[in-house]
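# Coordinates in review
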Amino acid sequence: MLSMTGYGKGEYKEGGIELTCEIKTVNNRYLDVSVKAPRIFTAYEDVIRTLVREKLTRGHADVFVSCKDKRERPAALVPDMQLAASYVAAATALKAAFPALADDVTLTSVLRFPDVLKQDEQAAADEELLSALKKALSEALDNLNRMRRTEGEKLKADMLSRMDSIEALAKEIAARAPKVAEEYRKKLEERVREYLKDANADEGRLLTEVAVFADRSNIDEELTRLFSHISQFRSICEEGIVGRKLDFLVQEFNREANTTCSKSNDIEITRTGLALKNEIEKVREQVQNLE
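Residues numbered from 1 in each chain as written. Predicted model: local features only at pLDDT ≥ 70, side-chain atom pairs only at ≥ 80, totals over all residues. Heavy atoms only, no water.

Secondary structure summary: the protein contains 9 helices and 6 strands in total. Within the protein, the proportion of its 291 residues that are buried is 35%. Taking the contacts inside the protein whose residues are at least 6 apart along the sequence as the reference set, 82% of them involve residues at least 24 apart. Here the protein has roughly 17,200 Å² of accessible surface; of this, 51% comes from carbon and sulfur atoms. (Helix = DSSP H or I, 4+ residues; strand = E, 2+ residues; numbered from the N terminus. Buried < 20%, exposed > 50% of the residue type's maximum accessible area, 1.4 Å probe, protein only. Contact = heavy atoms within 4.5 Å. Areas by Shrake-Rupley, 256 points an atom, 1.4 Å probe, with all protein chains shown as cover.)

Now the structure itself:
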């Protein structure tokens, strides 16, 4: 079981390359990957996202990459032709305006103009740098999943503990449910005697009324499904990626709890049902943190 929240860091320091990858993940319904890296890795963003998708299935992941390349190698320079042309055009216009000035515009002087030559960062992203990126990112993902697994086990322990509480509350309701119809019959008889006083009540009509009430307030099916959901929840918790399964199952928990409260017509069952719904909501909040 994995939490969707975690942090992982990976580093690569060899051959003059110092590269660090950091990953921070938070809850999200689907997998969303955001990459923040130097321009040198612009062409590698799909590679980064592919590696992340191999290790994550849900959550929002922020990937941060920093790099220092201290290798000795010739710089890849690219001339900005449009900027150079603008400088030359400006120099030509000045020459026409001031013909008496000496003309010293040469190729060498144009190369000295600001930003005419720029380092091609894309060309600098070679195979060695890509390999360093993959190794640092893989280490970061492994550390991230280690932390997420630890957090997931804590969530699992908490949810299973709450599942014990849910089961205990469901058993309280199950023990109380058979008494509801009998208590309703007694109250109905007392009310009828109070109204009719010395007249004899129609026993058959009373029994019919009680039977209708018992049928309308019967929650046996809801309780049976609720106990089944508890068993399924515990079984699913032993699997790996369980977030979506448990999310759907908790919705079923809520449906049975709501129906139980609405059908019971008993203040004690309603009170216990509200406590049951409170525990289910706490489980639902924890499930939202699971991958």
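Once that is clear, we can look at a nonpolar patch on the surface. A surface patch of nonpolar side chains, about 390 Å² in accessible area, is lined by L77, L107, L111 and L117. With respect to the secondary-structure elements, L111 resides in helix α3 (residues 107–112). (Patch = residues over 30% accessible without salt bridge, like charges linked within 9 Å, V, L, I, M, F, W, Y side chains within 5 Å. Salt bridge = Lys/Arg side-chain N within 4 Å of Asp/Glu carboxyl O.)

Here 10 bridges tie strand β2 (residues 17–26) to strand β4 (residues 59–69), and the two strands are oriented antiparallel to one another. By the bridge assignment, C21 is partnered in β4 with V65. As paired elements, strand β3 (residues 31–36) and β4 share 6 bridges and run parallel to each other. Pairing of L31 across the sheet is with G59, part of β4. You can see the chain leave β3, run along helix α1 (residues 45–55) and come back into β4, and the turn it takes is left-handed. (Pairing = 2+ DSSP bridges. Right-handed = clockwise from strand over helix to strand, strands pointing away.)

Within a sheet, neighbouring strands are paired by backbone hydrogen bonds and run either parallel or antiparallel to one another. In space, the 4 strands of this open sheet follow the order β1-β2-β4-β3, with mixed pairing throughout. The sheet terminates laterally at β1 (6–14) and β3, the two strands that pair on one side only. Neighbour-to-neighbour, the strand axes of this sheet turn through a mean angle of 15°, independent of strand direction. Against the sheet, α1 contacts β3 and β4, and its axis sits at roughly 140° relative to β3. (Axes fitted to C-alpha atoms, helices over the stretch in contact; angles between N-to-C directions.)

Moving on, we get to the packing of helix α7 (residues 220–236) against helix α8 (residues 243–264). At a minimum axis separation of 10 Å, α7 and α8 run at an interaxial angle of 160°. By the angle between their directions, the pair α7 and α8 is classed as roughly antiparallel. Here α7 runs over α8; the crossing is left-handed. Contact residues: E222, R225, L226, H229, I230, Q232, F233 and I236 in α7; K245, L246, L249, V250, E252, F253, E256, T259, T260 and K263 in α8. Classifying every residue of the contact of α7 with α8 gives 8 nonpolar, 4 polar and 6 charged. (Parallel < 35°, antiparallel > 145°, perpendicular 65-115°, else oblique. Left-handed = near helix turned anticlockwise from the far one by under 90°. Nonpolar A, V, L, I, M, F, W, Y, C, P; charged D, E, K, R; others polar.)

Below, the discussion takes up the packing of α8 against helix α9 (residues 267–287). Between α8 and α9, the least distance of the axes is 9 Å, while the angle of their chain directions is 165°. In terms of orientation, α8 lies roughly antiparallel with respect to α9. Both α8 and α9 take part in a crossing whose hand is left-handed. Where α8 abuts α9, its residues G243, L246, D247, V250, F253, N254, A257, N258, T260, C261 and S264 lie against I269, T270, G273, L274, L276, K277, I280, V283, R284 and V287.

Of all hydrophobic cores here, the largest spans 28 residues; its most connected members are M159, I166, F233, L246, F253, L276 and V283. Examining the composition of this core, we find that 8 residues originate from one element, helix α5 (residues 127–196), more than from any other. (Core = buried A, V, L, I, M, F, W, Y, C linked by side-chain atoms within 4.5 Å.)

Under the defined criterion, the tally for this structure stands at 17 salt bridges. Taking the shortest distance from any N to any O, the salt bridge between E279 and K282 comes out at 3.9 Å. Taken together, the positions of E279 and K282, both in helix α9 and 3 residues apart, correspond to about one turn of that helix. We classify K282 as partly exposed; its relative accessible area is 29%. In this structure, R284 engages E281 in a salt bridge whose closest nitrogen and oxygen atoms are separated by 2.8 Å. Separated by 3 residues within a single helix, R284 and E281 lie in helix α9, roughly one turn from each other. In this structure R284 comes out as partly exposed when scored by relative accessible area, which is 30%. Given the relative accessible area of 28%, E281 is considered partly exposed. Within this structure, D158, R162, E279 and K282 form a network of salt bridges that share partners.

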